[in-house]
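Inside the fold
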Amino acid sequence: MRAKKIKVEKREFSKRKGFKFTSWSKEDHKEPIFGVAFNPYNHPDNPPVFATVGSNRVTVYECTDNSVNVIQSYSDPCTDEIFYTVCWVYCETAEGVIETSVAVAGLRGLIRVVSLRKLKNLFTLMGCGDSINELKLHPTDNNLLLSASKDNSLRLWNLKTRRCILIFGGLEGHRDEVLSCDFDLKARYVLSCGMDHSVKMWSLESDDVKDIIDLSYSYSDLKPFPVLNKHFPVFGTRNIHRNYVDCVRWFGNYVLSKSCENKIVCWKPNLSIKKSSDIPDQSEVLHSFDYGNCDIWYMRFAVSPNFDAIAAGNQIGKVFLWDISEEPSKPAILSHQKCLTAIRQVCFSPDSTIMVAVSDDSAVWRWDKELRPSPALANRDTL
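First, a word on scope: everything that follows refers to the structure included in this document. (Residues numbered from 1 in each chain as written. Predicted model: local features only at pLDDT ≥ 70, side-chain atom pairs only at ≥ 80, totals over all residues. Heavy atoms only, no water.)

So, the sheet that holds strand 27 (residues 343-348)
To be explicit about the condition: Think of it this way: DSSP has to see at least two bridges between two strands before they count as a pair. Secondary structure follows DSSP: runs of H or I at least 4 residues long count as helices, runs of E at least 2 residues long count as strands, and numbering of each begins at the N terminus. Angular values range over 0 to 180 degrees, each being the angle between N-to-C directions of two axes fitted as lines to C-alpha atoms, with helices fitted over their stretch in contact.
The antiparallel open sheet is built from four strands, whose spatial order is 1-29-28-27. Each edge of the open sheet carries a strand with a single partner, namely strand 1 (19-26) and strand 27. Ignoring strand direction, the axes of neighbouring strands in this sheet form an average angle of 20 degrees. With five bridges connecting them, strand 27 and strand 28 (residues 354-359) associate as antiparallel partners. Paired with Val346 across the strands is Ala357, a residue of strand 28.

Description of the pattern of salt bridges
Note the threshold: Salt bridge criterion: a side-chain nitrogen from Lys or Arg within 4 Å of a carboxyl oxygen from Asp or Glu.
The tally for this structure, following the rule as stated, stands at 13 salt bridges. One salt bridge connects Lys369 with Asp308, and the closest N-O pair in it is separated by 3.1 Å. Of this pair, Lys369 sits in strand 29 (residues 363-369) while Asp308 sits in the loop between strand 23 (302-303) and strand 24 (309-313), and the two are 61 residues apart along the sequence. Residues joined in a network through salt bridges with shared partners are Glu134, Arg249 and Arg300.

Regarding helix 2 (residues 207-218)
To keep it simple, the criterion reads: Expected span of a helix, by definition, is 1.5 Å for each gap between consecutive residues, and there is one gap fewer than residues. Note on exposure labels: buried denotes an accessible area under 20% of the residue type's maximum, exposed denotes more than 50%, and partly exposed covers the range between, all computed with a 1.4 Å probe on protein chains only. Relevant arc is that of directions from the helix axis to the C-beta atoms, nothing else. We call two residues in contact when some of their heavy atoms are within 4.5 Å.
In this model helix 2 runs 17 Å from its N-terminal to its C-terminal C-alpha over twelve residues, within 8% of the 16 Å that 1.5 Å per residue would give. Those residues of helix 2 that fall on the buried side of the exposure criterion are Val209, Ile212, Ile213 and Ser216. Angular distribution of buried residues about the axis of helix 2 spans 100 degrees; they occupy a single face of the element. Set apart from the buried face of helix 2 by more than 90 degrees, the exposed residues are Asp207, Asp214 and Ser218. On the buried face of helix 2, the contacting elements are strand 11 (144-149), strand 12 (154-158), strand 13 (163-168), strand 16 (199-203) and strand 17 (228-230).

Brief notes about the packing of aromatic side chains
Applicable threshold: Pairing of aromatic rings covers Phe, Tyr and the six-membered ring of Trp, with a centre-to-centre limit of 6.5 Å; geometry is then stacked below 30 degrees between planes, edge-to-face above 60, and tilted otherwise.
Summed over the entire model, instances satisfying the criterion amount to 21 aromatic pairs. For the ring pair Tyr291 and Trp322, a centre distance of 5.5 Å and an interplane angle of 75 degrees mean the geometry is edge-to-face. With a gap of 31 residues between them, Tyr291 in the loop between strand 22 (283-290) and strand 23 and Trp322 in strand 25 (residues 319-323) connect regions that are remote in the sequence. Between Phe320 and Trp322, the ring centres sit 6.4 Å apart and the planes meet at 25 degrees, which makes this aromatic pair stacked.

Comments concerning the nonpolar core
For clarity, the cut-off: The definition of a nonpolar core used throughout is a set of buried Ala, Val, Leu, Ile, Met, Phe, Trp, Tyr and Cys residues joined through side-chain atoms within 4.5 Å.
The biggest cluster of nonpolar side chains holds 20 residues, and the ones touching the most others in it are Leu146, Leu154 and Leu156. Counting only elements with at least two residues in this core, the list comes to strand 11, strand 12, strand 13, strand 14 (178-183) and helix 2. Listed in part, the 18 residues of the second largest apolar core include Cys91, Ala105, Cys128 and Leu159.

Remarks on the sheet that holds strand 16
In a beta sheet, neighbouring strands pair by backbone hydrogen bonds and run either parallel or antiparallel. Within the open sheet, the four strands sit side by side as 14-15-16-18. Their pairing is antiparallel. Among the strands making up the open sheet, the edge pair consists of strand 14 and strand 18 (235-237). Going from strand to strand, the sheet's axes swing by 15 degrees on average, the running direction of each strand aside. Strand direction decides the pairing type here: strand 16 and strand 18, joined by three bridges, are antiparallel. By the bridge assignment, Met201 is partnered in strand 18 with Phe235.

Comments concerning unusual backbone geometry
Positive phi is not limited to glycine here, since Asn293 has a value of about 60 degrees. Tracing the backbone through its elements, the reader meets Asn293 in the loop between strand 22 and strand 23. With relative accessibility at 43%, the residue Asn293 sits in the partly exposed group. One non-glycine residue, Phe307, lies in positive phi territory at about 60 degrees. Residue position: Phe307 is located in the loop between strand 23 and strand 24. When its relative accessible area of 35% is taken as the criterion, Phe307 is described as partly exposed.

So, to be careful, I would describe these as geometric facts and stop short of saying anything about function.
Rendered as structure tokens:
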């Protein structure tokens, strides 16, 4: 009877949690790991690969059956650098070869594009006025990279021509450090959020934005490139959160945003006002994903690529996982006895079956999705 009871408990545990702990690893720099990202260009038949950034280090891991193995590592020449964010990109080398690389940025306000094949910096983008908190690649044009900076602005870069082509900020922009940004899937809008408690939405569909992007590919004048400044977002609100907003993501036509208030809020912006001089500040809150012990800033959540789960870590080493494939419910809490420090970011593999979290104690934590037993198997186990 005891063996049968244990089987039933394990089956219920699997159905409730969805993910099981697989392995963990610790980096030797002994500094917080702030960013993690899976390689979206990796062939599905190959083991999943992800990169982490902490201190002045970029570390690339491969997920085997039961562990995470370091396969490459790059250290910035400047020992004072602290990388905060990492993004996978396609880049053309000096030899004209297009290869998968990583773009990394942080404390010094420089964007390094690093070749993983050669383990060296391909080129550096300069121009931000302060530290860079997040990088995002355009969903349909692999040459366009967005940065969110401590200088209160966002910048759009052309990786092929190495130019800054567009700046979002100014008159009606953020009034403090921009902490997070995101493109919608159709590349119509950019979301941003920051220390001014606000979330803003910027349009990529205006003629001047489209023209400056086109010009960035063909500009050959000896004069400096005519960077476009966009001072007016199409939407802005301070009504969702009352503290620093440190992570924002698109969820279809809805927005998911997080502040230092122990919750992630799902809401819908009102874009009914079309005049450029009138910036709407109305929104409809749809749901709040509440959890505890997360009242410090720069803690980033993740949405699974198949949009069936949301995951977020807290400052005592626990990961909260919401199943949103149906009606949102209470989160499953994933933990490990050795994971006790702040989880700075979580990330899902491209097929949504692996979740990786990185923490302040320079550790990397891996959970794998469990297959739920079929009704036939459940009936057999309880016979």
